[in-house]
Amino acid sequence: MTAELVVVKGENRGAFVSVTGSITIGRSEDADLTIFDTKASSFHAKVTRLESGIVIVEDLDSTNGTYVNQERIEQTPLRSGDLIKIGRAIMVFRSEPAAIRLEDIPLIEGGSTSGISSDTVDRSETSSVALRAVRTGGAANRLEGLLLAAGELEPSSAIEGILDQVRAGLSGDRALYFQRHQGGQGAGLGGASVGEGITRDAPVQAELLRRTLSGEVVEAGGAVAAPIYAQGHQIGALYADGTETAGRDLGILGAAAQLIGVVVALDRSRRLTMSTIEIVGLAQAQVLRVEILVEQVLTAGSEARSSGRLGDARAALEQPQLQTALVPGLKAQADPYLFQRGMDRLITFARSEARGPLRLVGDARDGVTRLILRYAAPGAAERVPDLLDPAGVVGDLLKAQESLGTAQLAVARVLLLRAGGVLSVSAEGDDMIFSLELQTEASAS
């Protein structure tokens, strides 16, 4: 059995190395697989093939961590199709001859950059230094400040910098970015720039924000708001308050709204690319079909997520809670690893649009184990046709591209399909209902 790592995203895209013993990955030229990325440590991770044939990846106390399938790890076994992320570089692990080659992956962000030398300018440090200078220096040219902010590599940092420029340009108390929920009903706070002594969560003018989310540029008293568009889709609103009406330059508001739209569009395109790469990898993933205890596997996944670096405690508390009601001892035939990952993605998607708690129930009848995930989502009935395309994952990806989506639900669908299940979606009133069916017992050969 052959085993190799192939770089599918990064400045040395296309580079690969065979895994025959132990190999190191990192920024150093002495590493077996050199990653041209300033966020990678000199010797960032090690991949080892054991005598048993199992391949494990181990983080070497790196500064920014090693991620396997978007989860931070210290050490974990690899299976064909797994994605390893170091810095901004992504590698796919393959333990069998690939049915799909690198050139078959249609990367939205462009072609190969493998010709770029290792002494490439550190763009992350360059843009950050310039942005800090604009923020602290009170630059007169706000347009320059907006463009520098938009050049940040991390979308959240770019949006934060743009909001800083809006607040400074309008001499206001707050500049807030409201991101429209995936279901199209309402919006949540996606970013904020707040002056000293100002409360970020103070109430906004609800009617002004409602009109803006309907497409209007609105000014009322000390507040002003403009819609944000990306590739023809309205994705949210830019809201600023605490300003004086007289002499206020609203040009910066329009420019900032356009730049936030560009930043969000690029980020969603990047995430769609990563989802596409992950789906390609899953087509080659090894599948182990065994009897699992459903609750045990779900609990293990929950514990793994809670032990990771998922942000501050407040963000965790604000997430819709998952309530489970599974038949005791509920079993199913599934690949435990793929099942856990698929349910994790499905629950994450549901939390992003749920209005209230999620409810997961499960039982077994007539040789079929059924899991039902249900939650309130205004307009659920209208959205059902857009979620799981009857044509399969290709239709899901095309819809995601058209709607500026990230295809996370498509990844969940493929994970659960490869795990041994069939996922479907329906609605009752404003309740969204995902149903997963798996075999309870192994089929007779």
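Residues numbered from 1 in each chain as written. Predicted model: local features only at pLDDT ≥ 70, side-chain atom pairs only at ≥ 80, totals over all residues. Heavy atoms only, no water.

**Student:** Would you take a moment to explain the overall build of the protein for this structure?
**Tutor:** Helices and strands together make up the secondary structure of the protein, namely 11 helices and 23 strands. Buried residues in the protein amount to 46% of all 445 residues. A separation of at least 24 residues holds for 61% of the contacts in the protein among residues at least 6 apart in sequence. (Helix = DSSP H or I, 4+ residues; strand = E, 2+ residues; numbered from the N terminus. Buried < 20%, exposed > 50% of the residue type's maximum accessible area, 1.4 Å probe, protein only. Contact = heavy atoms within 4.5 Å.)

**Student:** What am I meant to see in the environment of phenylalanine 43 here?
**Tutor:** With respect to the helices, strands and loops of the structure, phenylalanine 43 is situated in the loop between β4 (33-34) and β5 (45-49). The sequence separation of phenylalanine 43 and serine 28 amounts to 15 residues, and the corresponding C-alpha distance is 6.5 Å.

**Student:** Is there a simple way to explain unusual backbone geometry in this structure?
**Tutor:** The bulk of non-glycine residues show a negative phi, and the bulk of peptide bonds are trans. One non-glycine residue, aspartate 61, lies in positive phi territory at about 55°. By secondary structure assignment, the location of aspartate 61 is in the loop between β6 (55-59) and β7 (66-68). One non-glycine residue, alanine 407, adopts positive backbone phi at about 65°. By relative accessible area, alanine 407 is classed as buried at 10%.

**Student:** Just to check I follow, could you spell out the side chain of arginine 383 for this structure?
**Tutor:** Checked against the element boundaries, arginine 383 lands in helix α9 (residues 380-383). Only 2.3 Å separates the side chain of arginine 383 from the side chain of glutamate 353, close enough to count as a polar contact. (Polar contact = N/O pair within 3.5 Å; in protein donor to acceptor, adjacent residues only side chain to side chain.)

**Student:** Any chance you could explain the sheet that holds strand β3 (residues 22-26) here in plain terms?
**Tutor:** Remark on secondary structure: sheet strands pair via backbone hydrogen bonds, oriented parallel or antiparallel. Strand order across the open sheet formed by 5 strands is β4-β3-β5-β6-β9, with mixed pairing between neighbours. Every other strand in the sheet has two partners, leaving β4 and β9 (75-78) as the edge strands with one partner each. Note: β3 against β4, 2 bridges, orientation parallel. Its bridge partner being in β4, glycine 26 is matched across the sheet by threonine 34. (Pairing = 2+ DSSP bridges.)

**Student:** What is the right way to read the environment of threonine 38 from this model?
**Tutor:** By the element assignment, threonine 38 lies in the loop between β4 and β5. In sequence terms threonine 38 and glycine 26 are 12 residues apart; their C-alpha atoms lie 9.9 Å from each other.

**Student:** Explanation requested: helix α5 (residues 251-282) in the structure shown.
**Tutor:** Residue pairs three or four apart in sequence face the same way in an α-helix, which turns once every 3.6 residues. Compared with an ideal rise of 1.5 Å per residue, which puts 32 residues at 46 Å, α5 spans 47 Å between its outermost C-alpha atoms and is within 8% of the ideal. By the criterion of burial, α5 is predominantly enclosed, with 24 of the 32 residues buried. (Expected span 1.5 Å × (residues − 1).)

**Student:** Whenever I open this one, the pattern of salt bridges confuses me. Can you help?
**Tutor:** One side chain can pair with another of opposite charge once the charged atoms of both are near each other. Inspection of the entire model under this criterion finds 20 salt bridges. Glutamate 4 is paired through a salt bridge with arginine 94; the nearest N and O atoms lie 2.5 Å apart. Here glutamate 4, found in strand β1 (residues 4-9), pairs with arginine 94, found in strand β11 (residues 89-94); they are 90 residues apart in sequence, far enough to count as distant. As a salt-bridge pair, arginine 370 and glutamate 437 come within 3.4 Å of each other at their nearest N and O atoms. In this pair, arginine 370 is assigned in strand β21 (residues 368-376) and glutamate 437 in strand β23 (residues 431-439), connecting sequence segments 67 residues apart. We classify arginine 370 as partly exposed; its relative accessible area is 22%. Overlapping salt bridges bring together Asp82, Glu278, Arg341 and Arg345 as one network. (Salt bridge = Lys/Arg side-chain N within 4 Å of Asp/Glu carboxyl O.)

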